[in-house]
Each structure stands twice: as C-alpha cells, then as structure tokens.
Amino acid sequence: MPMNEMIQFFRQLSGKINSNLYAGLPWSSSPQHQAFLRELQKELKQTNTLHIPLHELPVVVFDIETTGFYPEKGDQMISIGAVKMIGAEMKAEETFYTLVKSDLPLSKEISELTGIQEKQLRHAPNPAEVLVDFFKFIKSNILVAHHSNHELNFMRKMTRDFLRCSFDHRIVDTSFLLRLEDPFFNPRPLEEICQNCGIEIKNRHHALGDALMTAKIWSRYLKAAETKGFKDLQEIYEYLSKLK
C-alpha cells in the first residue's frame, strides 16, 4: 500500500476508534446533559424564527477549523469559534472559542494554516464537552456560517457520534443574503468577500477570527436586505425561491 494511502487508512481508523471511545465516556451520558439536550431539541421544534423582524433576529455566527473536509472519512474538528448578534449588531463581548481534543496526527499544512499545534489538542476539552458547551452558548438561535455545508456536515456527525442525538439547528449560509444583491452569486473565499466589503482581514483561519469577519459580512448584507424592504427571513426565502 502506498505511504499516502496507509496514512489515510490509519487516520480513518483512528477517527472511528476515537469516536467510539468518546461516545462511551460517562461524561457524555450524564443525566443532566441528556436532560438539557432533550429540552433543547424540544425548544428547537417549537421556535419559529422565520417571522422575527430582521432588526430583532438573534443569530450566532460561527466557524470551525478541521483536519480536512470529510468527517465521514475520519477528519475531525480541532477548534470552534462563535459570536452572538441581534439583527445587524454584533455582540463582540459575547463570544465562544475553544480547541477540541484530538489524538490524530496534525499535518504540518493544517498547523501552519491555523496556528494550532498538535500538543495543544492533546489537552483540549473532548468533543462531547465542547458540543454541550456550544449548545448552551447558542441555545435555540439560528446559526450563520460561510460555506455552511462544511460546518453542517461536521456538526451532524459529531452530535450523532458523541451525544447520540441529531443536530437540529438551522444553519444559514452567508450566500443567503449575498444572493439578494447578486442572484447568480457563486461561492467565494471569505477573504475575497471581506475585501469587496471593505472589512479588515484579521486572524484568518482562526475559528473566532473567521466568525467575527463572517459576522461583519452578515451585518452588512442584513442592513442591505432591510433597505430593500425585506421584513423577515420568510420574505427573503420566498423571494429567493422565485429566482430558481
């Protein structure tokens, strides 16, 4: 077997083993956390955010850093950052950031890109603990992310593996608002959109740094949506559905 394929095989195997180990930890199955997660899922089913006025809409903008793009093949989340917003106003004092424990080898490329060292991940909080803390931070609010499929895939897999429940939060991609100005908008790197909006590029590929830049993009285009006369998310969904 070629060396690259062998490394990938052991990474995938290690990911599966680690997932099973974490899922079996007593911490992840404590009655308090199970009760919290049940209440959260109940609240998510009862919460209707589509008709909240845009200027009052509470969201949590977040970003994750990972070892790769494919959680089903063993890639893991290594950090997560988030910031709360009400309408277009960013609550800069209400942020969330943590590394996530991983026992997998961290490639030189990922370490250089994120500034995260392998040894830091050995002593970070485990995934189950991170997820519960993150859910306590976001509650039932809508999540916003740039290129949100990446975040969605990892959150779904981690929640299933480590907490034994489904990930039910709504995640809105930044392109949702960007398409109001450009119906044919194609995905672009975060830094390119920041440059187009005059937003300072700071702490790129740091989960909280990227979340803060994404929040500024959301703020800019949410204001534009209100200027165009949109009152809530439902009106935007209906308008965008007609463009398809």
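What comes next is a walk through the structure. (Residues numbered from 1 in each chain as written. Predicted model: local features only at pLDDT ≥ 70, side-chain atom pairs only at ≥ 80, totals over all residues. Heavy atoms only, no water.)

### Re the overall build of the protein
For step 1, the next point in the chain: Secondary structure summary: the protein contains 10 helices and 5 strands in total.
For step 2, the next point in the chain: Long-range contacts, defined as pairs at least 24 residues apart, comprise 71% of the intrachain contacts of the protein with a sequence gap of at least 6.
For step 3, the next point in the chain: With the model as given, the accessible surface of the protein reaches about 12700 Å², and the carbon-plus-sulfur share is 52%. (Helix = DSSP H or I, 4+ residues; strand = E, 2+ residues; numbered from the N terminus. Contact = heavy atoms within 4.5 Å. Areas by Shrake-Rupley, 256 points an atom, 1.4 Å probe, with all protein chains shown as cover.)

### Side note on the pairing of strand 2 (residues 77–86)
For step 1, the next point in the chain: The element strand 2 is largely enclosed, with a buried count of 9 among its 10 residues.
For step 2, the next point in the chain: Bridge count between strand 2 and strand 3 (residues 89–99): 8 bridges; the pairing is antiparallel. When the bridges of strand 3 are listed, Ser 79 appears paired with Leu 99.
For step 3, the next point in the chain: Hairpin connection between strand 2 and strand 3: a loop of 2 residues separates the two successive antiparallel strands, and Gly 87 in this loop has a positive phi of roughly 60 degrees. (Buried < 20%, exposed > 50% of the residue type's maximum accessible area, 1.4 Å probe, protein only. Pairing = 2+ DSSP bridges.)

### What about the sheet that holds strand 1 (residues 58–66)?
For step 1, the next point in the chain: Spatially, 3-2-1-4-5 is the arrangement adopted by the 5 strands of the open sheet, whose pairing is mixed. The two strands at the open ends of the sheet, each matched to only one other strand, are strand 3 and strand 5 (171–173). In this sheet, neighbouring strand axes are inclined to one another by 30 degrees on average, regardless of whether the strands run parallel or antiparallel.
For step 2, the next point in the chain: Where strand 1 meets strand 2, 9 bridges bridge the pair, whose relative direction is antiparallel. By the bridge assignment, Ile 64 is partnered in strand 2 with Ile 80.
For step 3, the next point in the chain: Helix 6 (residues 148–163) contacts strand 1, strand 2, strand 4 (142–145) and strand 5 of the sheet and is inclined by roughly 80 degrees relative to strand 1.
For step 4, the next point in the chain: Relative to strand 2, helix 9 (residues 207–227) is tilted by about 30 degrees, and along the sheet it contacts strand 1, strand 2, strand 3, strand 4 and strand 5. (Axes fitted to C-alpha atoms, helices over the stretch in contact; angles between N-to-C directions.)

### Brief notes about the nonpolar core
For step 1, the next point in the chain: With 31 residues, the main nonpolar core has Val 59, Leu 177, Trp 218 and Ile 236 as its most contacted residues.
For step 2, the next point in the chain: Counting residues per element, this core draws most heavily on helix 9, which supplies 7 residues.
For step 3, the next point in the chain: Each residue touching Ile 236, except ones within four places of it in the same chain, is listed here: Leu 54, Phe 176, Leu 177, Leu 180, Ala 225 and Phe 230.
For step 4, the next point in the chain: Met 77, Ala 82, Leu 152 and Phe 154 belong to the second-largest nonpolar core, a separate cluster that totals 30 residues. (Core = buried A, V, L, I, M, F, W, Y, C linked by side-chain atoms within 4.5 Å.)

### Considering the layout of surface pockets
For step 1, the next point in the chain: In this structure, the largest pocket spans a volume of roughly 480 Å³.
For step 2, the next point in the chain: Residue lining of the largest pocket: 21 residues in total, with Glu 65, Thr 66, Phe 69, His 150 and His 205 positioned closest to the centre.
For step 3, the next point in the chain: With 4 residues, the top contributor of residues to the lining of the largest pocket is strand 1.
For step 4, the next point in the chain: The residue makeup of the lining of the largest pocket, split by class, is 6 nonpolar, 9 polar and 6 charged. (1 Å grid on protein atoms, 1.4 Å probe; cavity = no way out; pocket = protein on both sides within 12 Å on 5 of 7 lines; lining within 4 Å. Points joined across faces, edges and corners; volume = space filled by probe spheres on them. Nonpolar A, V, L, I, M, F, W, Y, C, P; charged D, E, K, R; others polar.)

### Brief notes about the packing of helix 5 (residues 127–138) against helix 6
For step 1, the next point in the chain: Remark: helix 5 packs on helix 6, axes separated minimally by 9 Å, with the N-to-C direction vectors making an angle of 115 degrees. The interaxial crossing formed by helix 5 with helix 6 has left-handed handedness. The residues of helix 6 that touch helix 5, namely those facing Pro 127, Ala 128, Leu 131, Val 132, Phe 134 and Phe 135, are Met 155, Met 158, Thr 159, Phe 162 and Leu 163.
For step 2, the next point in the chain: Residues belonging to the contact of helix 5 with helix 6 are distributed by class as follows: 10 nonpolar, 1 polar and no charged. (Left-handed = near helix turned anticlockwise from the far one by under 90°.)

### What to know about empty space enclosed by the protein
For step 1, the next point in the chain: Using the criterion set out here, one finds 1 cavity of 30 Å³ or more in the structure.
For step 2, the next point in the chain: Of the volumes computed, that of the largest cavity is approximately 50 Å³.
For step 3, the next point in the chain: By residue class, the composition of the lining of the largest cavity is 5 nonpolar, 4 polar and 1 charged.

### Looking at unusual backbone geometry
For step 1, the next point in the chain: Phi is positive for Lys 139, close to 55 degrees, though the residue is something other than glycine.
For step 2, the next point in the chain: Assessed through its relative accessible area of 51%, Lys 139 is described here as exposed.
For step 3, the next point in the chain: Not every positive phi belongs to a glycine, and His 147 is a case in point at roughly 55 degrees.
For step 4, the next point in the chain: Position of His 147 among the secondary structure elements: in the loop between strand 4 and helix 6.
For step 5, the next point in the chain: The exposure class of His 147 is partly exposed, given its relative accessible area of 36%.

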